[in-house]
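Single-letter residue listing:
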There are 2 protein chains.
Amino acid sequence: MKKLINSVDSVLSESLLGFAAAHADIVTLARGLQFVRRRTLTPGKVALISGGGSGHEPLHTGFIGHGMLDAACPGQVFTSPTPDQMMAAAGEVDTGAGVLFIVKNYSGDMMNFHLAAEMLGREHATATVVVNDDVAVENSTYTTGRRGVAGTLLVERIVGAAAERGESLADLKALGDAVTKSTASMAVALTSCIVPAAGSPTFEIGADEMEIGVGIHGEPGRRRVKMAGADDIPAELAGAILRDLSLQRGQEVFLLVNGFGGTPVMELYVMVNAVNKVLAGAGVKAVRTLTGSYVTSMEMAGCSITVCTADAAMLELWDTPIHTAALRWGM
Amino acid sequence: MKKLINSVDSVLSESLLGFAAAHADIVTLARGLQFVRRRTLTPGKVALISGGGSGHEPLHTGFIGHGMLDAACPGQVFTSPTPDQMMAAAGEVDTGAGVLFIVKNYSGDMMNFHLAAEMLGREHATATVVVNDDVAVENSTYTTGRRGVAGTLLVERIVGAAAERGESLADLKALGDAVTKSTASMAVALTSCIVPAAGSPTFEIGADEMEIGVGIHGEPGRRRVKMAGADDIPAELAGAILRDLSLQRGQEVFLLVNGFGGTPVMELYVMVNAVNKVLAGAGVKAVRTLTGSYVTSMEMAGCSITVCTADAAMLELWDTPIHTAALRWGM
């Protein structure tokens, strides 16, 4: 295992220290690295908190800041954070309007966020949006139902923008559920990543193979196939997404082509070009395109495609100012 | 070779098509993909043009837009663009105030930008800033003198900001030379990338080795050593940089920790933390930190460290609004 780390035990804490130093204008570390929060809170705004296993950076810490999250609770690599992290975060960033948890659908995260919400029950108003955008498989290694993957970025951004406008906890919960319902993703992996504590690849894959429908922890997808050209991949991935969303001709969408951490930018744009051909064939138009490695599996090579139907209200929210480590515009 | 491409011959053109589609609000492709340019030019502003071999994305196309470049000429992977590309770009984006070429110091790029400037001589005022920030080695596989690497980002940004203010070609050339002189970089690689046309790794490296001082095309650096902990690497890299810049205690600097394309974000922040310890030991403070994979070698694992001395004027320029595919704030 070759990694730019000092030790398996310190990789998370040292990474958080580097992150907080690099983005000291936006974030601060809290309570012995239990969570990362915005440096400056907005009184009366609903607090958005997410979290999950580390190794998917910039998700979620890189999405803390104006127009997105208020806090994120990082677990160890691919390991759920604990309820006390979420409770500590909620206690610190709830300025009176309540807390919205945004949770990717994995059994450990679901259980721990649920426990935290229960224990916070008397003192804080809470609601939870569960993101389950991966259309590859129903149920998986770590889930009941669909996995929550790169579509989480869209949910956190659009709900985060609405939260800045002062919308209520109930309205934000409804918006988050609606965006989740409008979002579908599917992925392909060319290589496995290595979890530091494991020291060896999560899965073995041949030099001429790819895993269609892979999860963001390297969980198995639909099938293992021979490598294909870039144009052949979206035919299956985007095809499944378009069917899931029942998209009609003329629909405008957000498109996220997300690298898993080991994929060159050049290849991600080849995939954008390939996906656009499939969308054009279906009469669907990407009116906002985001390309980059935003929801990663450390150094895994491969990418995911996420499509979200874009109505005028969602586009307006998307375009409002945002200031986070990983996404920034308008301020 | 596993890559998300259709063919070696089409990877550049398809990547450019995807890039232009994703960022149609900022850029447009010109003249049969000869170059990428800003959609909207500012009359009377000096035009900044860069370029070089592809495979380093988002450099340079991702840096086109307000506050940075006006055009970029992409060569094939790790291959210089041709003089006709630069001449076509200059002819189209020079709005009367002249053209500043920003060139990384590689023999092919130097020759072709020089030829283009000569041939443009009568019709366009031109000047050239040569970036040579890599302190690892004097002369290299493709260079006479030091290589131009990730510090190019800082030069393009700071000079780009000054160009938006309407500064003259001579002043921008002087500023670019000054920023280059204030900037030093050094890198480490854990793995090689695969150039698509070659189909096999550029260099072989053992499972427990790293290349200290590697170039952005996988050129040899200073020496091949056994893998070390993250804290041991900046001691050598940042140490060499600090000596090169003769930094005094109390100096404020820009810090860029740049991934080569295959390095997890988590590890880059571990490196930020490690570099900050070396800087703190030298009494030097990073007042702006940029972390990410900005000047890449496709899927190479490893990172570079760039330090640039920051005076008040440069900080003010850095913080002005920028709107490119890869860097965006304030607008």
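Residues numbered from 1 in each chain as written. Chains lettered and ligands numbered in written order. Predicted model: local features only at pLDDT ≥ 70, side-chain atom pairs only at ≥ 80, totals over all residues. Heavy atoms only, no water.

Visitor: Teacher, can you tell me more about the sheet that holds strand E4 (residues 65-66) of chain A here?
Guide: Backbone-to-backbone hydrogen bonds join strands into a sheet, with any given pair of strands oriented parallel or antiparallel. Residues and elements named next belong to chain A. If you trace the 3 strands from one edge of the open sheet to the other, you get E4-E14-E15, paired in antiparallel fashion. The open sheet has two edge strands, E4 and strand E15 (328-329), and neither has a second partner. Of the strand pairs in this sheet, E4 and strand E14 (residues 322-324) are connected by 2 bridges, and their pairing is antiparallel. Within E14, the position partnered with glycine 65 by the bridge is threonine 324. (Pairing = 2+ DSSP bridges. Helix = DSSP H or I, 4+ residues; strand = E, 2+ residues; numbered from the N terminus.)

Visitor: Explanation requested: the interface of chain B and chain A in the structure shown.
Guide: At the junction of the two partners, chain B supplies 55 residues and chain A supplies 55 residues. At the boundary of chain B with chain A, total buried surface from both sides reaches about 4400 Å², with 64% on carbon and sulfur atoms. In terms of surface lost to chain A, no three residues of chain B exceed Lys2(B), Leu4(B) and Met266(B), which account for 22% of the buried area on that side. Along the contact surface separating chain B from chain A lie 2 salt bridges. Across the salt bridge formed by Lys3(B) and Glu267(A), the nearest N and O atoms sit 3.8 Å from each other. Our count for the chain B to chain A interface comes out at 20 residue pairs in polar contact (both at pLDDT 80 or more). Contributing elements (two or more residues each) for the side of chain B that touches chain A: helix H1 (11-22), helix H7 (265-281), strand E12 (285-292), strand E13 (302-309) and strand E15 (328-329) of chain B. (Contact = heavy atoms within 4.5 Å. Buried area = accessible area lost by both parts, 1.4 Å probe. Salt bridge = Lys/Arg side-chain N within 4 Å of Asp/Glu carboxyl O. Polar contact = N/O pair within 3.5 Å; in protein donor to acceptor, adjacent residues only side chain to side chain.)

Visitor: Is there a simple way to think about the pairing of strand E1 (residues 27-30) of chain B in this case?
Guide: Regular strands show a simple pattern: their side chains alternate between the two faces of the sheet. All names here are of chain B. Where E1 meets strand E2 (residues 35-38), 4 bridges bridge the pair, whose relative direction is antiparallel. Pairing of leucine 29 across the sheet is with valine 36, part of E2. Between E1 and E2, which pair antiparallel and follow one another directly, the connecting turn spans 4 residues, one of which, arginine 31, has a positive phi of 45°.

Visitor: Sorry if this is basic, but what is going on with the relation of the copies chain B and chain A here?
Guide: One chain copy maps onto the other through a rotation about an axis and a shift parallel to that axis. Rotating chain B by 180° and translating it 0.0 Å along the rotation axis places it on chain A, where the RMSD comes to 0.0 Å. Here the transformation between the copies is reduced to the relation of a two-fold axis. Ranked by how close their C-alpha atoms come to the rotation axis, the residues of chain B are headed by Gly262(B), at 2.1 Å. (Least-squares fit on C-alpha atoms with pLDDT ≥ 70 in both.)

Visitor: Hey, could you run me through the pairing of strand E8 (residues 183-189) of chain A in this one?
Guide: Residue and element names in this part refer to chain A. The buried fraction of E8 is high, at 7 of 7 residues. Burial along E8 is two-sided: Thr183, Ser185, Ala187 and Ala189 and Ala184, Met186 and Val188, pointing in opposite directions, are all buried. Direction of pairing for E8 relative to strand E13 (residues 302-309): antiparallel, over a ladder of 7 bridges. Bridge pairing links alanine 184 to valine 307 in E13. The pairing of E8 with strand E9 (residues 209-212) spans 2 bridges and is classified as antiparallel. Within E9, the residue paired with alanine 189 across the bridge is glutamate 211. (Buried < 20%, exposed > 50% of the residue type's maximum accessible area, 1.4 Å probe, protein only.)

Visitor: Please clarify how the packing of aromatic side chains should be interpreted in this entry.
Guide: Centre distance and the angle of the planes are the two values used to describe a pair of aromatic rings. A full pass over the atoms with the stated rule returns 8 aromatic pairs over all chains. Taking 5.2 Å as the distance between ring centres and 55° as the angle between the ring planes, the aromatic pair formed by Phe254(B) and Trp318(B) counts as tilted. Of the two residues, Phe254(B) is situated in strand E11 (residues 252-259) and Trp318(B) in helix H8 (residues 312-319); the sequence distance between them amounts to 64 residues. Like Trp318(B), Phe254(B) is buried. An aromatic cluster is built from Phe254(A), Trp318(A) and Trp329(A), whose rings are joined through pairwise contacts. (Phe/Tyr/Trp six-rings, centres within 6.5 Å; stacked < 30°, edge-to-face > 60°.)

Visitor: Whenever I open this one, the environment of Leu17(B) confuses me. Can you help?
Guide: Summarising the element assignment, Leu17(B) is placed in helix H1. Separated by 11 residues in the primary sequence, Leu17(B) and Thr28(B) have C-alpha atoms spaced 9.5 Å apart. Residues in contact with Leu17(B), not counting those within four places in the same chain, are Asn273(A), Leu29(B) and Leu33(B).

Visitor: What is the right way to look at the side chain of Lys104(A) in this model?
Guide: All names here are of chain A. With respect to the secondary-structure elements, lysine 104 resides in strand E6 (residues 99-104). No salt bridge is formed by the buried lysine 104; its nearest oppositely charged neighbour, aspartate 109, is found at 4.4 Å. Reaching out from lysine 104, the side chain makes a polar contact with the side chain of histidine 60 at a distance of 2.9 Å. If we ignore the near neighbours within four places in the chain, the residues touching lysine 104 are Gly51, Gly52, Leu59, His60, Asp109, Met110, Val131, Gly148, Val149, Thr152 and Ile216. (Lys, Arg positive; Asp, Glu negative; His and termini not counted.)

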